[in-house]
Amino acid sequence: MKLLAVAIFSVVLVAQVSAQQTSPGNVEKGKQIFLKDGCYSCHGYDGHGGVAPKLAPRPIPTVAFIAIVRHPPASAMPTYSPKVMSDAELTDVWTYLKSIPDPPPVKNIPLLNQ
Amino acid sequence: MATSDKSPVDRRGFLKGAAASAAMAAQVPLAAQVRSAVPVAKPAEPAPETTASSRVEVLTNERPGSDFMLDVIKSLGIEYATANPASSCRALHESIINYGGNKNPELLTCCHEESSVGMAHGYAKIEGKPIISMVHGTVGTQHASMAIYNAFCDRVPAIVILGNELDATARRSFVEWTHAAQDAAVIIRDFTKWDDAPGSLQHFAESFVRAYKIAMTPPMGPVALVANGKLQEEPIEESNLRIPKLNATSPPQGDSGAIAEAAKQLVNAENPVIVAGRLARTPNGIKLLVELAETLQAPVNDQRNRMNFPTRHPLYGAGDIAKADMILCLEVEDIYMLTHRVSPLNRIGMDAPKLLTKENTKLISISSLELFQKSNYQDFARYNEVDLAIAGDGEATLPALIDACKRLITADRKRTLQDRGAKLAEAHKRMEEQNRLQAALGWDSSPLTPARVSAELWPHIKDEDWSLVGNDMFFSRWPTRLWNFDKHYQYIGGSGGEGVGYGAPAAVGAALANKKYGRFTVNLQNDGDLNYAPGVLWTAVHHKIPMLTVMHNNRGYHQEVMFVTTMAARANRDVTRAGIGTKLTEPNIDYATMAKGYGMQGIGPITDPNDIAPALKRAVEIVKSGEPVLIDTVTQGR
């Protein structure tokens, strides 16, 4: 029952965020925000992860991304409300994360194969 | 005032006395070798009766009390004395360098008392025994206190000698008043296992041997002994001085009935997990844990407070607490946090803690901490609500537990356990593969990822007899995740008390212990930590302690960057200001230049990942030539 309530809440939330999203983000602005607002400190400069999970490459869909930032699961992840980061800023951040390319395959990195 | 009828400038007599003194020094038996009660240090010759006209002041004392104190220290095979020179330890200092020939112990010059005790901390974790740290009463003790607290929380033996002038009439200046105390050890009493302030030399002998014994008995810890100034400096007047023999206390072993019960539950468990805290005190601790894990085919989650279990062993690291029906905690301090999740920082207020195990999961604890706790500082954590609490040293108890388990395992049960082991080995392989995939992320990033730095380091050390002496927790455990750790000295855990400033001195102390074995010492050095007392770099150079220091230079107190960001977000305020008071930028600190300033070779700063390998190649050659070197790698937060 509790799980069902959480699921419904998430769907509503994602729908709300989705409705607010109107324009695609800007990679450069997103990178600046990612670094300035402290995202990098837990997720790494390239969103590759650190003390917190990786965000890039291939970030989760924008709406889910924003929903998690607004209502993170119980963890060390701060809750960033719209007063701290707007949806537009988060969209820029997501766009930056989306622009980060895949790393080289492990098999092509000799240092990781010894 | 002492008097003599001899001329104070009788050169022949002086030389004769010096020769006799040297001969006496050479004859002093080292109880480190004989380990038995030894009568030593004779009292000073009494002054003959004289007439008033021939009275001459005696201005020298060739047998100060500190010589006997040194006899006692030598008797226990103490290899080093770390010290920032302290006037209240001046006589003992002089005895070490002259009477004792500056050998066993050798005096190591430190630039801060926190460095002195921090070095002792690192040394003890490699060598398994303490050295002494001489600190000035009051002010030196205050400087040393953080390092003593770290050693206490990390259950590491250290012997701190506090200089103090207890007799008010013997204080020779106002400074000696401000540095004296009625009870010199009181400020560290909450985090030492024992202390004493001997009132005589014989009392010092007994208390030093007792202090050593207490420090070395699990749970180990720091002890303190006050060396009274007058006792050190005045002539030996006590007769029949003797050094008591050391009878090392056998580590306590768990109760046999409780061990039998634990074995029964472990053998019958379907999904047991072994968690190792500060378990392996000696190399044998690793062998025993491997034997237990293989006997039970149970996974081992190593908390990395010590080198407990080989990282590439198929049973390493794949234990799932959530699925476990039985958890065996070996010298685990905080079982509550292992089995519960409390409200994280992104929640307002404290909700009821969430149980991370199944409701019916059984918990067994074997720990020497059951036998010793103090009350003021809260390092004992929450009450450990376990099903079977066995008071005893983990390593000492393992042989009996292994035997008991082996006796209970039938042929059928053995086949079942082997099937479980095969699955765990697969899980271990998947974990290693996952680590490699994660290490590749951000591979070419700048600042450098800790994963890239760790991966670059490995080929340079893997064929050496290496020892990592820095805590890799702040490096997101990348060395643990990528390197093959299988020897006791290859990892020594962290500070214990999480007091910043431990890293650099502990690394130098550990490197010192490694030196005589010809090991290649590597330190991962946090930038914030090094800035507490960087003078220890000079100590490493001055005493020719070879080691490779690789900076984790994330240019800030990164944990606090994250905390302040979270607080700002919680308050709906400006998160961009979290760097104020937490960042070490503007200017960036140039650690290679800092190292050079202390006489150490410095390389960097390195920001391009492609520059790491050539720098490491050069640095390895320097270390192999017997010198310390520092590479400044500019890194990501974690």
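Bear in mind that the values here come from a model prediction, so they are computed numbers and not experimental data. (Residues numbered from 1 in each chain as written. Chains lettered and ligands numbered in written order. Predicted model: local features only at pLDDT ≥ 70, side-chain atom pairs only at ≥ 80, totals over all residues.)

Here we look at helix H2 (residues 27–36) of chain A
Residues and elements named next belong to chain A. Three or more residues of H2 are buried, namely Gly30, Lys31, Ile33 and Phe34. Along H2, the residues classed as buried sweep out an arc of 165 degrees about the axis, all on the same side. Those residues of H2 hidden inside the fold are in contact with helix H3 (39–43) and helix H5 (87–99). Positive backbone phi, at 90 degrees, marks Gly38, one or two positions downstream of H2. (Buried ≥ 20, exposed ≤ 12 C-beta atoms within 10 Å, placed from the backbone. Helix = DSSP H or I, 4+ residues; strand = E, 2+ residues; numbered from the N terminus. Arc of directions from axis to C-beta. Contact = placed C-beta atoms within 7 Å.)

A closer look at the interface of chain B and chain A
Contact residues are listed per partner, giving 34 residues for chain B and 31 residues for chain A. A total of seven residues in the side of chain B that touches chain A trace back to one element, the largest contributor, which is helix H20 (residues 558–570) of chain B. Residue composition of the side of chain B that touches chain A, grouped by class: 16 nonpolar, 13 polar and five charged. (Nonpolar A, V, L, I, M, F, W, Y, C, P; charged D, E, K, R; others polar.)

Let's talk about the nonpolar core
Among the nonpolar cores identified, the biggest contains 172 residues, and B:Tyr123, B:Ile148, B:Ile159, B:Val160, B:Ile274 and B:Leu289 are the most heavily contacted of them. Excluding residues within four positions of it along the chain, B:Val160 makes contact with B:Val117, B:Ser133, B:Val135, B:Ala144, B:Ile148, B:Pro222 and B:Ala224. (Core = buried A, V, L, I, M, F, W, Y, C linked by C-beta atoms within 7 Å.)

As for the domain arrangement of chain B
When the parts of a complex come together, some accessible area is lost, and that lost area is often taken as the interface size. Residues and elements named next belong to chain B. For chain B, the assigned domains read domain 1 (3–243), domain 2 (256–428) and domain 3 (441–553 + 589–633). Relative to domain 3, the C-alpha centre of domain 2 lies at a distance of 31 Å. Domain 2 puts 12 residues into the contact, and the matching count from domain 3 is 12 residues. When its residues are assigned to classes, the side of domain 2 that touches domain 3 shows five nonpolar, three polar and four charged. (Domains from an automatic or database assignment.)

Brief notes about the sheet that holds strand S4 (residues 80–83) of chain B
Residues and elements named next belong to chain B. Taken in spatial order, the six strands line up as S5-S4-S6-S7-S9-S8 in an open sheet, and their pairing is parallel. The sheet terminates laterally at strand S5 (106–109) and strand S8 (194–196), the two strands that pair on one side only. Along the sheet, successive strands turn relative to each other by an average axial angle of 20 degrees, direction set aside. Taken together, the seven bridges between strand S7 (residues 158–164) and strand S9 (residues 222–228) define a ladder with parallel strand orientation. By the bridge assignment, Ile159 is partnered in S9 with Val223. (Pairing = 2+ DSSP bridges. Axes fitted to C-alpha atoms, helices over the stretch in contact; angles between N-to-C directions.)

Observations concerning unusual backbone geometry
A cis amide bond, omega -5 degrees, links A:Ala56 with the succeeding residue A:Pro57. Residue position: A:Pro57 is located in the loop between H3 and helix H4 (62–70). Cis geometry is found at the peptide bond from B:Ser446 to B:Pro447, where omega equals 0 degrees. Although it is not a glycine, B:Ser476 sits at a positive phi angle of roughly 50 degrees. Its location among the elements puts B:Ser476 in the loop between strand S18 (466–468) and helix H16 (478–482).

Observations concerning H4(A)
All buried positions along H4(A) are accounted for by A:Thr62, A:Val63, A:Ile66, A:Ala67 and A:Val69. Taken around the axis of H4(A), the buried residues stretch over an arc of 160 degrees, which confines them to a single face.

Some remarks on the confidence of the model for chain B
On average, residues of chain B score 93 in pLDDT, and 92% of them reach the 70 mark or higher. As scored by the predictor, the complex reaches a pTM of 0.91 and an ipTM of 0.85. (pLDDT = per-residue confidence, 0-100.)

Things to note about the packing of helix H11 (residues 283–296) of chain B against helix H13 (residues 394–408) of chain B
Residue and element names in this part refer to chain B. For the pair H11 and H13, the least separation of the axes is 10 Å and the interaxial angle reads 25 degrees. Classified by the angle their axes make, H11 and H13 are roughly parallel. Taken as a pair, H11 and H13 cross one another with a handedness that is left-handed. Residues Asn284, Gly285, Leu288, Leu289, Glu291, Leu292, Thr295 and Leu296 of H11 form the contact with H13, whose participating residues are Glu395, Leu398, Pro399, Leu401, Ile402, Cys405 and Lys406. Its residues assigned to classes, the contact of H11 with H13 comprises nine nonpolar, three polar and three charged. (Parallel < 35°, antiparallel > 145°, perpendicular 65-115°, else oblique. Left-handed = near helix turned anticlockwise from the far one by under 90°.)

Section: the packing of helix H5 (residues 113–127) of chain B against helix H17 (residues 503–515) of chain B
Think of two packed helices as two axes; the pair is described by the angle between the axes and how far apart they sit. All names here are of chain B. One way to put it is that H5 packs onto H17 with a least axis distance of 6 Å and a crossing angle of 45 degrees. As summarised for this structure, H5 and H17 are arranged oblique, according to the angle between their axes. Considering how the two elements wind past one another, H5 and H17 form a crossing that is right-handed. Taking contact as the criterion, the partners of Glu114, Ser115, Gly118, Met119, Ala120, His121, Gly122, Tyr123, Lys125, Ile126 and Glu127 in H5 are, on H17, Pro505, Ala506, Ala507, Val508, Gly509, Ala510, Leu512, Ala513 and Asn514. Residue composition of the contact of H5 with H17, by class: 11 nonpolar, six polar and three charged.

Some words on the pairing of S5(B)
Residues and elements named next belong to chain B. Sheet analysis places S4 next to S5, joined by four bridges and oriented parallel. Looking at the pairing, Ala81 lines up with Leu107 of S5. Handedness of the crossover joining S4 and S5 through helix H4 (residues 90–99) is recorded here as right-handed. (Right-handed = clockwise from strand over helix to strand, strands pointing away.)

Let's talk about the pairing of S7(B)
All names here are of chain B. Summarising burial for S7: seven of the seven residues are buried, a large majority. Here S7 shows no split at all, with Ala158, Val160, Leu162 and Asn164 on one side and Ile159, Ile161 and Gly163 on the other all buried. Here four bridges tie strand S6 (residues 132–135) to S7, and the two strands are oriented parallel to one another. Bridging across to S7, Val135 finds its partner in Leu162.

A closer look at the environment of B:Gln142
Residue and element names in this part refer to chain B. Examined against the element boundaries, Gln142 turns out to sit in helix H6 (residues 139–153). Taking the C-beta count within 10 Å as the criterion, Gln142 has 15 such neighbours and is therefore assigned partly exposed. Along the chain, Gln142 and Glu114 lie 28 residues apart, while their C-alpha atoms are 9.0 Å from each other.

Here we look at the sheet that holds strand S13 (residues 326–330) of chain B
Residue and element names in this part refer to chain B. The strand order across the open sheet formed by five strands is S12-S11-S13-S16-S17, and the pairing between neighbours is parallel. Sheet topology places strand S12 (300–302) and strand S17 (388–391) at the edges, where each strand pairs with a single neighbour. Ignoring strand direction, the axes of neighbouring strands in this sheet form an average angle of 15 degrees. As paired strands, strand S11 (residues 272–276) and S13 are joined by five bridges and run parallel to one another. In the sheet register, Ala276 faces S13, and the bridge partner there is Leu330. Those strands touched by H11 are S11 and S12, and its axis lies near 170 degrees from that of S11.

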